[in-house]
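Next come the chains, spelled out residue by residue.
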Amino acid sequence: MKNIFKYIISILIFVPIIAFSQENTDTQKLKEKKEKEKFSSIKFGYNLQTASDLIFKPERNSYAGLIDVSFNNLYSGVLEFGISSINKENDSYTYESSGYYASLGFDYNMLKSDVNDFLGVGLRFAMANYDYSANNINIEYPHWSDYTNNFNCNNNIAAWTEFIISIKAEIFKNLYFGWSARIKMNLYRSEPDAFSSYDIPGYGKSKNNFKLGAAYHIYFNFGK
Amino acid sequence: MRISIILFFISSFILSVSCEDDNCRTSTDTRIKTIFYIDDETSVEDDVLSSLVVYSTLWNDSIYYSKEGISNSLKFQLSPTEDISEIVFSALGINDTLTFYYNRELFLISPECGFITNYNIDSINFTKNQIDSIKIIQTSVSNIDEEHIQIYY
C-alpha cells in the first residue's frame, strides 16, 4: 500500500514536469521550424518549347511562362500560365483555335542541401479556357457523299492535373535551365461530342485523357 | 561542370524538338469489320459468301465479297453525315436490311492527317429473311482492324 502511494505521488509530480518540458520542446521546435521556413528565391521562367514552335510549327503561336517562389530551398509554390493559338489551312479544312491556361501547384526539392540546383517532384492543378473552329470542312468518302460542314465551339473549359519530375541547374549567375517530365491526367472537358478540339492550351492533344509530356524552361532568379 | 550541364540541357532540348513527328502515320479510315458465320445446313458457305453483296440505297456502287472479302470478313463504312445507316446484305438473291443506330464523333487527328469520324454503335435492327442473328463484338468503331460485328446465317 505504501509503495502504491509512493508510485502515485511520483506520477503526480513528474508527469506535469515532463509535460511542461515537452511543451517547452514543442514551442522551441515550432520556433525553429518558423525560422527554417524562410523565403529563398523567386524565379521567372520562360517555356523554350513555345519559342521552338514559332520556328518549327508555323501554324502555332504560343507563349508560356511561370513564377516559382521557393522557401528554404525545399518547397516552391509555382504558378504557370500561357496563351496559344493555331491557324491551319489546307485543301479539306481550315482549323483555328485560341485560348489561355494557368496552373497552380508546388515543387519539392530533393537536393535541399544544394542551393544552386534542383531535382524534385511536383504537382499542379491546371485549367484552360479556349475557342476552336473548323470551317470549309470537305471530306471525301468512297461510298457516301462528301461530308461538308463548319463547326464553331466557343468558351470551352478543360481541367487537368500534372505530376512532375524536374531538374534545373544554375548555368550562369541567376540564370537557370530546367527540364521537366510531366504526366497529365484529364479531369474535365466541356467540348461537344460531335467535334473535338485538336489541342488544348497547356495540355496538348486533346484526344488523350492521359498523356506524357516534357517542358524546357529558362529561369531568371530575382531572389536572394 | 557547367559546360557539361549546358550541353546536356541543349542536347536534350534539340532531341525533343527533332523527335516531334509532323508526318501523318495514322489512318483516318473507320470501317465496320464484319465476320460471317454460315450455320444454315441448307446453305453452302462458299455459295453464300461468293454471292454476298453489301450496299446502301444512298450509294452509287456496292461492295462485293468476291472482290473485297477476306477470311469470312468484309468491311464497310457507316454514314458520316447521319446517326442512322441502312445497309443491305444480299446473299443468294435474298436481301436482309441492317439498320445501324449510332453516335458520331469528328476528330481532328492532327493538322497533317486531317479529320477522322469515329462511331459508337447503340444498336442494330435487322430483317431475318436469311440472317439468323447478329452479335455486336465492339461498339466503338475507330479503325479498320478490329472485329465489330458477327453475322450468323
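Residues numbered from 1 in each chain as written. Chains lettered and ligands numbered in written order. Predicted model: local features only at pLDDT ≥ 70, side-chain atom pairs only at ≥ 80, totals over all residues.

## With respect to the overall build of chain A
Then, number 1: A tally of regular secondary structure across chain A gives two helices and eleven strands.
Then, number 2: The secondary structure elements of chain A, listed N-terminal to C-terminal, are α-β-α-β-β-β-β-β-β-β-β-β-β.
Then, number 3: Evaluated residue by residue, chain A yields a buried proportion of 28% over its 224 residues.
Then, number 4: Taking as baseline every contact in chain A between residues at least 6 positions apart, the subset at least 24 positions apart corresponds to 60%. (Helix = DSSP H or I, 4+ residues; strand = E, 2+ residues; numbered from the N terminus. Buried ≥ 20, exposed ≤ 12 C-beta atoms within 10 Å, placed from the backbone. Contact = placed C-beta atoms within 7 Å.)

## What to know about the nonpolar core
Then, number 1: Core analysis: the largest hydrophobic core is formed by 20 residues, its most contacted members being Val 54, Phe 76, Ile 87 and Phe 89 of chain B.
Then, number 2: Secondary structure elements with two or more residues in this core: strand E1 (32-37), strand E4 (73-76), strand E5 (84-91), strand E6 (94-110) and strand E10 (149-152) of chain B.
Then, number 3: Filtering out sequence-adjacent residues up to four positions away, Ile 87 of chain B remains in contact with Val 54, Ser 56, Phe 76, Leu 98 and Phe 100 of chain B.
Then, number 4: Counting residues in hydrophobic clusters, the runner-up holds twelve residues, among them Tyr 93, Ala 134 and Tyr 198 of chain A together with Phe 107 of chain B. (Core = buried A, V, L, I, M, F, W, Y, C linked by C-beta atoms within 7 Å.)

## As for the sheet that holds strand E5 (residues 118-139) of chain A
Residue and element names in this part refer to chain A.
Then, number 1: Read around the closed barrel, eight strands run E1-E2-E3-E4-E5-E6-E7-E11, paired in antiparallel fashion. Between one strand and the next, the sheet's axes are offset by a mean angle of 25°, whatever the strand orientation.
Then, number 2: The pairing of strand E2 (residues 60-71) with strand E3 (residues 75-90) spans twelve bridges and is classified as antiparallel. From the neighbouring strand, Val 69 faces E3, where its bridge partner is Gly 77.
Then, number 3: Running over the sheet, helix H2 (residues 48-56) touches strand E1 (39-47), E2 and strand E11 (210-221) and is turned about 170° from E2. (Pairing = 2+ DSSP bridges. Axes fitted to C-alpha atoms, helices over the stretch in contact; angles between N-to-C directions.)

## Examining unusual backbone geometry
Leaving glycine out, the prevailing phi sign among residues is negative, and the prevailing peptide bond configuration is trans.
All names here are of chain A.
Then, number 1: In this structure, Asn 73 is a non-glycine residue whose phi angle is positive, near 55°.
Then, number 2: Looking at where Asn 73 falls in the secondary structure, it is placed in the loop between E2 and E3.
Then, number 3: Of note in the backbone geometry, Asn 136 takes a positive phi value of approximately 55° without being a glycine.
Then, number 4: Inspection of the secondary structure assignment puts Asn 136 in strand E5.

## Considering the pairing of strand E4 (residues 93-109) of chain A
All names here are of chain A.
Then, number 1: The pairing of E3 with E4 spans 16 bridges and is antiparallel. Its bridge partner being in E4, Ser 85 is matched across the sheet by Ser 98.
Then, number 2: The hairpin turn running from E3 into E4, its antiparallel successor, is two residues long.

## With respect to the interface of chain B and chain A
Then, number 1: Opposite the 25 residues of chain B that make contact, chain A presents 27 residues.
Then, number 2: Those elements giving two or more residues to the side of chain B that touches chain A turn out to be helix H1 (2-19), E6 and strand E7 (114-126) of chain B.
Then, number 3: Strand direction decides the pairing type here: strand E8 (residues 195-196) of chain A and E6 of chain B, joined by two bridges, are parallel. Residue pairing in the sheet places Ser 196 of chain A in a bridge with Phe 107 of chain B of E6 of chain B.

## Quick notes on the sheet that holds E1 of chain B
All names here are of chain B.
Then, number 1: Sheet architecture is open: four strands sit in the order E4-E1-E10-E8, paired in mixed fashion. Lying at the two open borders of the sheet, with one neighbouring strand each, are E4 and strand E8 (133-136). Averaged over all pairs of adjacent strands, the angle between their axes in this sheet comes to 25°, without regard to strand direction.

## Quick look at the pairing of E11 of chain A
A regular strand places its side chains on the two faces of the sheet in alternate fashion.
Residues and elements named next belong to chain A.
Then, number 1: With five bridges connecting them, E1 and E11 associate as antiparallel partners. By the bridge assignment, Phe 44 is partnered in E11 with Phe 220.
Then, number 2: Two elements, strand E7 (residues 175-189) and E11, share eleven bridges in a ladder whose sense is antiparallel. The residue of E11 that forms the bridge with Arg 182 is Gly 213.

## Description of the confidence of the model for chain B
Then, number 1: When the pLDDT values of chain B are averaged, the result is 83; 82% of them are 70 or greater.
Then, number 2: Interface predicted TM-score (ipTM) for the complex: 0.74; the corresponding pTM is 0.69. (pLDDT = per-residue confidence, 0-100.)

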